[in-house]
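Chain by chain, the residues:
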Amino acid sequence: MDRRAVLVGYDASPAAERALRWAVAEASLRGAPLCVCHAWSWPYPLRSRDQDALEIVRGMGALALEDGVRLAREAAPDLDVRPLLAKGTAAGALLDASAEAALVVIGARGAGGFDRLPLGSAAVHVPAHAARPVVVVPADEPAHAARRMVVGVDGSAASEAALRFALQEARLWDATLTLVCAWWDPAVLPGPDRLPFTDPDSVREQAQERFAASVTPLLADCPDVAVERRFVMERAQHVLAESARDAMLLVVGDRGIGAWPRTLVGAVARSVLHEAPVPVAVVHERDVDANA
């Protein structure tokens, strides 16, 4: 397992506090350092020329960071906790620091966000641009979370990276793993308007076979992880969020099959980040071997 630091953003918001707890547990299980990052910036449109005022704002940021470091050390006294105070936006600071990290953890909505928005700006930008897998942690604690993880699989390179990451996380947390392939094709829908010259049962069977063939080699590398496979005919974003309702983590690739080439984060990843009530890990194709 990668021993580079787990990087977590902290701004004292409820989501950040929960993200910090999640990151502490992850770093402890990995035997890796934890880097707690707080970003500070002048909060007004016009730039201040008053150095004393800037130092006050910076000092407030330092106090917030000190609070996060204290909470992390209280939760895990033996953990190597490293503070990082950065000037700029939260997203910019985390993206800069992510190049040296193994994993990035961030709260879904920071202290400066609107209460009714499920995602803040940093939780949108960091998963799209980070050099490492990103776990986005919601502010609300679920009523019950089973020791189970869920991963979306569609045969894309990003979903292969997501499956590799999910298997490693399931092994690390001693959790079971549910593989969900959500498949939809108008040719197999019931009704009088099926596409001509198609055999719906044959199309479905071929898709199931491709699903099995794509995951079997990766599962063979982690025989100690208990795995359940689900092949369902529903829209991926809905079935993934529902399947993960009582899970401890939902893992998706950043861009699945059918995503536009220039899209940074595909529709499924965007949707589950907004809808899933549990932490969501977004993994990029370039992360296939990041944690090997």
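Here, the structure is the one placed above.
Note that this is a predicted model, so its numbers are computed, not measured.

Draft legend 1. Just the overall build of the protein chain, in detail. Tallying secondary structure elements over the protein chain gives eight helices and 10 strands in all. Here the protein chain, with 292 residues, has 48% of them falling under the buried criterion. Look at the contacts in the protein chain between residues 6 or more apart in sequence, and 78% of them connect residues 24 or more apart. As displayed, the protein chain offers around 14,900 Å² of accessible surface, 53% of which is attributable to carbon and sulfur atoms.

Draft legend 2. Structural context of the nonpolar core. Judged by nonpolar contacts, the single largest core of 52 residues is most densely connected at Leu-34, Val-36, Val-105, Val-151, Leu-177, Leu-179 and Val-251. For this core, the element with the most residues is helix α5 (residues 157–173), which contributes nine residues. Once you skip the residues sitting within four places of it in the chain, Leu-179 turns out to touch Val-151, Val-153, Leu-163, Phe-211, Val-215, Leu-219, Val-227, Glu-228, Arg-229 and Arg-230. Counting residues in hydrophobic clusters, the runner-up holds 38 residues, among them Ala-101, Val-180, Ala-244 and Leu-250.

Draft legend 3. Spotlight on the environment of Ser-156. The residue Ser-156 is located in the loop between β6 (148–152) and α5 in this model. Taking C-alpha positions, Ser-156 is 8.0 Å from Arg-255, a pair spaced 99 residues apart along the chain. A polar contact of 2.7 Å, which involves the side chain of Ser-156, links it to the side chain of Asp-154.

Draft legend 4. Looking closely at the sheet that holds strand β2 (residues 34–40). As summarised here, the arrangement of the 10 strands in space is β3-β2-β1-β4-β5-β10-β9-β6-β7-β8, forming an open sheet in which the pairing is mixed. In this open sheet, the two edge strands, each paired with only one partner strand, are β3 (81–87) and β8 (227–232). Adjacent strand axes in the sheet meet at a mean angle of 20 degrees when their direction is disregarded. As paired elements, strand β5 (residues 134–137) and strand β10 (residues 280–283) share three bridges and run antiparallel to each other. Pairing of Val-134 across the sheet is with Val-282, part of β10. On the sheet, helix α1 (residues 14–30) packs against β1 (6–9), β2, β4 (103–107), β5 and β9 (249–253) and is oriented at approximately 155 degrees with respect to β4. Along the sheet, helix α4 (residues 121–129) makes contact with β4, β5 and β10, crossing β4 at roughly 165 degrees.

Rules of the game
- Throughout this description, residue numbers start from 1 for each chain and increase along the sequence as written.
- Only residues with pLDDT of at least 70 are given local features in this predicted model, and only at 80 or more are side-chain atom pairs given and counted; all residues enter the totals for whole chains, interfaces and linings.
- The side-chain figures draw on all heavy atoms in the structure; neither hydrogens nor water molecules are used.
- Helix and strand definitions here come from DSSP, where helices need a minimum of 4 consecutive H or I residues and strands a minimum of 2 consecutive E residues; each element is numbered from the N-terminal end.
- Relative accessibility under 20% of the residue-type maximum defines a buried residue, over 50% an exposed one, and the middle range a partly exposed one, all with a 1.4 Å probe and only protein chains included.
- When checking whether two residues touch, look at their non-hydrogen atoms; a contact exists if any pair is within 4.5 Å.
- Throughout, the Shrake-Rupley method with a 1.4 Å probe supplies accessible areas, and for residues the shown protein chains are the sole cover considered.
- By nonpolar core is meant a set of buried Ala, Val, Leu, Ile, Met, Phe, Trp, Tyr and Cys residues that side-chain atoms within 4.5 Å join together.
- Polar contacts here mean pairs of N or O atoms no more than 3.5 Å apart (in protein, one a potential hydrogen donor and the other a potential acceptor; neighbouring residues in sequence count only if both atoms are side-chain atoms).
- The pairing criterion for strands is at least two bridges between them, as found by DSSP.
- Axis definition: a line fitted to C-alpha atoms, limited for helices to the stretch in contact. Angles are taken between N-to-C directions and run from 0 to 180 degrees.

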